Amino acid sequence: MFSESLRDFRRLGFRHVLLQVLNFASVIASGLMMWKGLGLITNTESPIVVVLSGSMEPAFYRGDLLFLTNPASEQYKTGDITIYRTGDRNGPDIPIVHRVIETHDMPLCAPESFAFTKPTRRQPKLPAQCTDKVPRQLMLTKGDNNYADDLELYRGLDWLERKHIVGKVKGFLPYIGYVTIAMNDFPQLKYALLGGLGLLALIQRE
Amino acid sequence: MDSQILEARIDFHGQSLMEKITKGSLVLITVVAFLAGFVTQSMQYTFAVFGGASAMLALVVLPPWPMYNSHPPTWLPAIVEPGLVVEKTGISK
Amino acid sequence: MHTLLSRVNNASAFMSSCMMTLLAAIAISSFFLGSQPTGEVGISPVKVFAAKGRRHYSGKQDAAFVNFNVTADLAPLFHWNTKQLFVSLEAEYTNMHGVQNTVVIWDKIIRRKQDAQLHIEGGKNKYAFREVSTSFKDVSPASYALKYNLMPYVGVLQYGEIARTSDDVPFPEAQAKVAS
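Here the residue numbering is sequential within each chain, running from 1 through the sequence in written order. Following the order in which they are written, the chains are lettered starting with A and the ligands numbered starting with 1. Local features in this predicted model are restricted to residues whose pLDDT is 70 or higher, and side-chain atom pairs enter the listing and the counts only when it is 80 or higher, whereas totals over whole chains, interfaces and linings include all residues.

## Section: the overall build of chain B
Here's step 1: Broken down by element type, chain B carries three helices and two strands.
Here's step 2: Secondary structure follows DSSP: runs of H or I at least 4 residues long count as helices, runs of E at least 2 residues long count as strands, and numbering of each begins at the N terminus. Counting from the amino terminus, chain B carries its helices and strands in the arrangement α-α-α-β-β.
Here's step 3: Buried positions account for 15% of the 93 residues belonging to chain B.
Here's step 4: Contact criterion: two residues are in contact if their C-beta atoms, reconstructed from the backbone, are within 7 Å. Within chain B, counting contacts between residues at least 6 apart in sequence, those at least 24 apart form 63% of the total. Residues with at least 20 neighbouring C-beta atoms inside 10 Å of their own are called buried, those with 12 or fewer are called exposed, and the rest are partly exposed, where every C-beta is derived from the backbone.

The following block contains the structure:
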């Protein structure tokens, strides 16, 4: 079977190999295009994510696929399940899927310190003009399966803000993402799969 | 010879028959599976029906049963002309 | 199609298309199933104590303690595509600077239809209820709402409100310090 393929390969020649490489490249390019297009529509950098931890069990398990949106004109609400990253000041920057349990919406154009101003003091002045379209929002999140809120995960931040959030969970598809987890846990599998696919693409006659 | 058994070839009529059976029954299975789950309000039924029926369908459709090999093609005898070289695997000029 | 491998390939490709259609049909069907649940929320007078602040805040920060009664029938939300319900009791109020706050003070995950009847009397807030500006002085009375988030086995997450307090509940003056 294999020797037959090898013979075909030799017979079809260099142009055929080039054509297959081109086909392969176009498949990858269209995949990337769809991914980026979806990201543009939903306004998130990654519209589809795979759950990697068990902190939202029993809602989401490892390997579940989540579809995200991040509408620019909409405020986050308590109960929304968000994916956030707090920057990579120390340690790896892993996106976290947790639920919003507190929101504090400040008046439009208010600076960050606004929310902390003690009620006994005079009301702080709002800047005369600013470019904000939606009010600033301070948030606190918590994993359904965790006992405490996420303050410890914010790496020194007191509150989560919109700029840290990748998107909120809109739709859900179970188990499908487990393939990527398996590939992360066993890198050999990834190389075997990639190599096999590449070889098939080159050899196949169609 | 080994690869022949492994490849389990079927003839042209068999291929068309197999395709018709596969498409028709999978559509039917999907509809029945949905209704079964919807009526009982249990998703377990849906996937039990879908999985079970698909496994049975695979048994019907995948092995080279005699009914898929009942119309063996009759090829014309090979004509040997000068300038045309006939190989075992195919024809090349 | 003539070899076993190509038949497996062909049949499994069509099968996965059917599977996707089935999942999509299930996801769409859940929009037509389920109906509005009913319930009631009652809040006893709220107590406010001066307590220790959140991690980075030096000094004191008021903490509110809420006692509540909740009765709700969530069975209408359970259908074949309901994996779990996340029920939460939220306080909504505006402080004197115009900051709008929504704080979850209690939540519960319900996974079975048998557990869908909620009867909670004298419930206490599960999470610390604090005001960002450290004091509940002069903030507007709060409205308390019981909300749900339906998480499906497959498809779109749905949100809704079950019940809300008819009258807003004011915050009293802070009482003497308690250790927390």
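What follows continues from the structure just given.
## Considering the sheet that holds strand 2 (residues 47–52) of chain C
All names here are of chain C.
Here's step 1: If you walk across this open sheet you meet the three strands as 2-3-8, and the pairing is antiparallel. The open sheet terminates on both sides in strands that have one partner only, identified here as strand 2 and strand 8 (129–130).
Here's step 2: Here two bridges tie strand 3 (residues 60–65) to strand 8, and the two strands are oriented antiparallel to one another. If you follow Ala64 over to strand 8, its bridge partner there is Phe129. When DSSP finds two or more bridges between a pair of strands, those strands are recorded as paired.

## Here's the deal with helix 1 (residues 4–29) of chain C
Here's step 1: Take the number of residues in a helix, subtract one, and multiply by 1.5 Å to get its expected span. Taking 1.5 Å of rise per residue, 26 residues should cover 38 Å, and helix 1 of chain C covers 37 Å from first to last C-alpha, within 8% of that figure.
Here's step 2: Where helix 1 of chain C is buried, its residues meet helix 2 (12–40) and helix 3 (43–61) of chain B together with strand 10 (155–156) of chain C.

## Some points on the interface of chain A and chain C
Here's step 1: Chain A puts 28 residues into the contact, and the matching count from chain C is 35 residues.
Here's step 2: Elements with a contribution of two residues or more to the side of chain A that touches chain C: strand 4 (96–105) and strand 6 (165–173) of chain A.
Here's step 3: By the convention adopted, Pro, Cys, Tyr, Trp, Phe, Met, Ile, Leu, Val and Ala count as nonpolar, Lys, Arg, Asp and Glu as charged, and the other residues, Gly among them, as polar. Tallied by class, residues from the side of chain A that touches chain C come to 15 nonpolar, seven polar and six charged.
Here's step 4: Pairing of strand 6 of chain A with strand 10 of chain C, which is carried by two bridges, proceeds in the antiparallel orientation. Note that in strand 10 of chain C the partner of Phe172(A) across the bridge is Gly155(C).

## Digging into the packing of helix 2 of chain B against helix 1 of chain C
Here's step 1: Here the axes come from fitting lines to C-alpha atoms, over the contacting stretch only for helices, and the angles between their N-to-C directions go from 0 to 180 degrees. As a packed pair, helix 2 of chain B and helix 1 of chain C sit with axes 10 Å apart at the nearest point and diverge in direction by 25°. The pairing of helix 2 of chain B with helix 1 of chain C is recorded here as roughly parallel in orientation. By crossing handedness, the relation of helix 2 of chain B to helix 1 of chain C is classed as right-handed. Of the residues in helix 1 of chain C, those in contact with Met18(B), Thr22(B), Lys23(B), Leu26(B), Val27(B), Thr30(B), Ala33(B), Phe34(B) and Phe38(B) of helix 2 of chain B are Arg7(C), Ala11(C), Phe14(C), Met15(C), Cys18(C), Thr21(C), Leu22(C), Ala25(C) and Ser29(C).
Here's step 2: Here the contact of helix 2 of chain B with helix 1 of chain C is built from residues that sort into twelve nonpolar, four polar and two charged. Angle categories are assigned with fixed cut-offs, so that under 35 degrees is roughly parallel, over 145 is roughly antiparallel, 65 to 115 is roughly perpendicular, and the rest are oblique. Take the far helix as your reference; a near helix turned counterclockwise from it by less than a right angle gives a left-handed crossing, and one turned clockwise gives a right-handed crossing.

## Some thoughts on the UniProt feature "transmembrane region" (unreviewed entry) in chain B
Residues and elements named next belong to chain B.
Here's step 1: Per the UniProt record, the feature "transmembrane region" (unreviewed entry) sits at residues 21–39 and 45–62.
Here's step 2: The straight-line gap between the two end C-alpha atoms of residues 21–39 is 27 Å; of that span, 100% is helix and 0% is strand.
Here's step 3: Taken end to end, residues 45–62 comprises 94% helix and 0% strand; its first and last C-alpha atoms sit 25 Å apart. UniProt positions are given in the numbering used here, feature names are shortened, and annotations may be inferred rather than shown by experiment.

## Remarks on the nonpolar core
Here's step 1: Membership of the largest hydrophobic core comes to 71 residues, with the highest contact counts inside it found for Leu66(A), Val97(A), Ala64(C), Leu85(C), Leu89(C), Ile105(C) and Tyr148(C).
Here's step 2: A per-element tally of this core places strand 5 (residues 82–94) of chain C first, with six residues.
Here's step 3: Once residues lying within four places of it in the same chain are set aside, the contact partners of Leu85(C) are Leu74(C), Leu77(C), Ile110(C), Tyr148(C) and Leu150(C).
Here's step 4: Among buried residues, those of type Ala, Val, Leu, Ile, Met, Phe, Trp, Tyr and Cys that are joined through C-beta atoms within 7 Å form a set called a nonpolar core. Formed by five residues, the second largest nonpolar core is a distinct cluster that contains Ile10(B), Val61(B), Tyr68(B) and Ala11(C).

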